[in-house]
Structures are given as structure tokens and as C-alpha cells.
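# Geometric and topological summary
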Amino acid sequence: MNNIITVQNLKFTYPKAEHETIHGIDFAIQKGEIFGFLGPSGAGKSTTQKILIGLLRKYTGSVVIANQEVRDKNRDFYEKIGVAFEFPNFYSKLTGLENLDFFNSLYKKPHKDIPSLFKMVNLEDAMHERVNNYSKGMKMRLNFIRSLLHDPDILFFDEITSGLDPVNARLMKDIILKKKSEGKTIIITTHNMHDADELCDRVAFIVDGKIPLIDSPRAMKLSAGEKKVRVEYRNSGVLHSQDFLIDAIGTNQVFIQLLQTGQLETIHSMEATLEDVFIKATGRGLV
């Protein structure tokens, strides 16, 4: 496997804390995949992300990113990664463009057309507006494009759709999928089940500093669900529902007869949701 991130027996304790926050977790992330950390607030997701991006260095175990142990990283490490936090910090008295011009100057490979980034996230009309006049959603989009300034190979996103309306949330997710198609490796930290399900190739459940399960969302849902479909239909104006096993559905005469009557209203498969799987694996909800 072509792993770009490999983590082995990672442990971390905050200064003056009595107990570990991260308890010996292991995982690997392949080049070009979207990998998600899914869990409730306080589970250890953000701590793990901060270790991965080099903000917390006093960990034990091994964290290797692009063949470099993170605790021994050099300045070139930050040329390889882009980060968008949930609560972005900007120079509020500067305009959006002035902010990105400044951050752009910090990289060896600066972006040549910053206005195109504003256009990408529908912020071109606010480009010359001071950031202290931006809404949370506007700051989130500005923060997102800041992470793309130097065209990094690895992108870290924290609660990427937080504060966004459905239209802009969809826009951001489409851009993330486009970045994946360009070969970028993307790590998403979230408690939003739908974002993880829609975007991630694989998801790691993280609770109380441990990872009880890593797999693709599809495999998780299929393993925890029932191989059935539920049919809703009307008979004499009354709504009914009936379940059928998928394996025998092609020869089930009751199901075939329902199809032929034209009374069907809905057919749904009965795989579990990602939240169902999470609760089953961890005994906890996502809040």
C-alpha cells in the first residue's frame, strides 16, 4: 500500500493532565484518499489532528507523514500540508484579499491567481471587504481557500461545512472531491455523519482517545444493516409497509404482485446508517 501517513501506538497527554487523551492508536492513510475521523466532541479528534499537523509534538509512538517523523519535522513540512480549522483566525482589519496576499507570501510556491480562489467559493464580491464584516460562513470559505494557497499534497479540514448554508456546503464538498480527483490526500475531522458518509473513502471512529473501528462507510453500513427492502404501498387508500429479503426478492410472488399492482409508493433498502454503526461500535452517540 502507498501510505502517505502512518501512525503507530500514538499516545498523548496534555501538560498537567492526569490521564492520557490519546491511548495508543494506530492507523494509516493512503495517498489520494479521503480519510475521516468521526466522533463526538471531546473524543480526541482535534488532538489527533493537531499532532498530525505538528502543533503538539510531545507525543509518544510514531507519526510519519511523507516519510518524515512529525516531531522531527523541518520547515518544508508546511509546504506539503494545508490546514483549515473550524475556528479560523484572520487579521480582521484587513480585507480578505489582503489576508490571503500575506499568507501567500509565506510559501515557497505561492498561488499566482488569488482572485480565482475567491471566485471558486463565491467570495469574489467580498474580496475587498474587511474580514471583520464577514459572516461565519464567509470566514469558513476564506479559511478553506487559504489552505489551498500553496497547492499542498495533503489537506486537513476540521468541521468543513460548519456554519455553511446547504448551497455553500455542497460547493465545498464538490471542491474537496475535485481535489481528491487531482491526487490530493484529504483528512477530515468531523462529528457530521452525513459529511463523513458522503466524502470519505474510509472512516475511523474515535471515542475517548481510542479507535474501535476503521473501514469504508459503505462496508460499515452493510455489515451492520439488514439485507432487506421495505416497501410502502396503498391498499384501498390505506398506507401499508412490508419487508422482503433481498436474496429472494426476484422470486417472491408477493413482492412481484405489489410491483404489478401499481400501488407502490416507496422502496427502501434497510442498511444501517453510519450513526447506527457508530452507536453499535462505541455505545455512544455523536453528540
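Preceding this section is the structure that the text describes.
Residues numbered from 1 in each chain as written. Predicted model: local features only at pLDDT ≥ 70, side-chain atom pairs only at ≥ 80, totals over all residues. Heavy atoms only, no water.

Quick look at the overall build of the protein chain now. Within the protein chain, the secondary structure is distributed over 10 helices and 13 strands. For the protein chain, the spread of C-alpha atoms along the principal axes amounts to about 70 × 45 × 35 Å. In the protein chain, buried positions account for 45% of the 287 residues. Taking the contacts inside the protein chain whose residues are at least 6 apart along the sequence as the reference set, 66% of them involve residues at least 24 apart. Accessible surface computed for the protein chain: about 14900 Å², of which carbon and sulfur atoms make up 50%. Averaging the locations of the 37 positively and 36 negatively charged side chains of the protein chain gives two centres separated by 5 Å. (Helix = DSSP H or I, 4+ residues; strand = E, 2+ residues; numbered from the N terminus. Buried < 20%, exposed > 50% of the residue type's maximum accessible area, 1.4 Å probe, protein only. Contact = heavy atoms within 4.5 Å. Areas by Shrake-Rupley, 256 points an atom, 1.4 Å probe, with all protein chains shown as cover. Lys, Arg positive; Asp, Glu negative; His and termini not counted. Charge placed at Lys NZ, Arg CZ, Asp CG, Glu CD.)

Here the phi dihedral of Ala66 falls at roughly 50 degrees; this positive angle occurs in a residue that is not glycine. A positive phi angle, close to 45 degrees, is found at Glu159, a residue other than glycine. Residue placement: Glu159 occurs in the loop between β7 (154-158) and α6 (166-181). Take Glu159: its relative accessible area is 8%, and that puts it in the buried class.

Next up on the list: the nonpolar core. Core analysis: the biggest nonpolar cluster contains 46 residues, and Phe118, Leu142, Phe144 and Phe157 have the highest contact counts within it. Ignoring any residue separated from it by four or fewer positions in sequence, one finds Phe144 in contact with Ala84, Val121, Phe157, Ile160, Met172, Ile175 and Ile176. Residues Val7, Phe12, Ile25 and Ile211 belong to the second largest nonpolar core, which totals 27 residues. (Core = buried A, V, L, I, M, F, W, Y, C linked by side-chain atoms within 4.5 Å.)

A few words on the side chain of Thr47. Relative to the elements of secondary structure, Thr47 occurs in helix α1 (residues 45-52). Excluding residues within four positions of it along the chain, Thr47 makes contact with Phe12, Tyr14, Thr21, Ile22 and Leu56.

Right, let's talk about the pattern of salt bridges for a bit. One pass over the structure, following the stated rule, counts 16 salt bridges. Linking Asp151 and Lys184 is a salt bridge whose minimum nitrogen-to-oxygen distance equals 2.8 Å. Of this pair, Asp151 sits in the loop between α5 (136-146) and β7 while Lys184 is found in the loop between α6 and β8 (185-190), placing the two residues 33 residues apart along the sequence. Across the pair Lys173 and Glu198 runs a salt bridge whose closest N-O atoms are separated by 3.0 Å. Here Lys173, found in helix α6, pairs with Glu198, found in helix α7 (residues 193-199); they are 25 residues apart in sequence, far enough to count as distant. Exposure remark for Lys173: the relative accessible area of 11% places this residue in the buried category. (Salt bridge = Lys/Arg side-chain N within 4 Å of Asp/Glu carboxyl O.)

Strands belonging to one sheet form pairs held by backbone hydrogen bonds; the direction of such a pair is parallel or antiparallel. Pairing is antiparallel in the open sheet, where four strands are placed in the order β2-β1-β4-β5. Each of the sheet's edge strands pairs with one partner strand only, and the pair in question is β2 (22-30) and β5 (68-69). Where strand β4 (residues 60-65) meets β5, two bridges bridge the pair, whose relative direction is antiparallel. Considered in β5, the bridge of Val64 is made with Glu69. (Pairing = 2+ DSSP bridges.)

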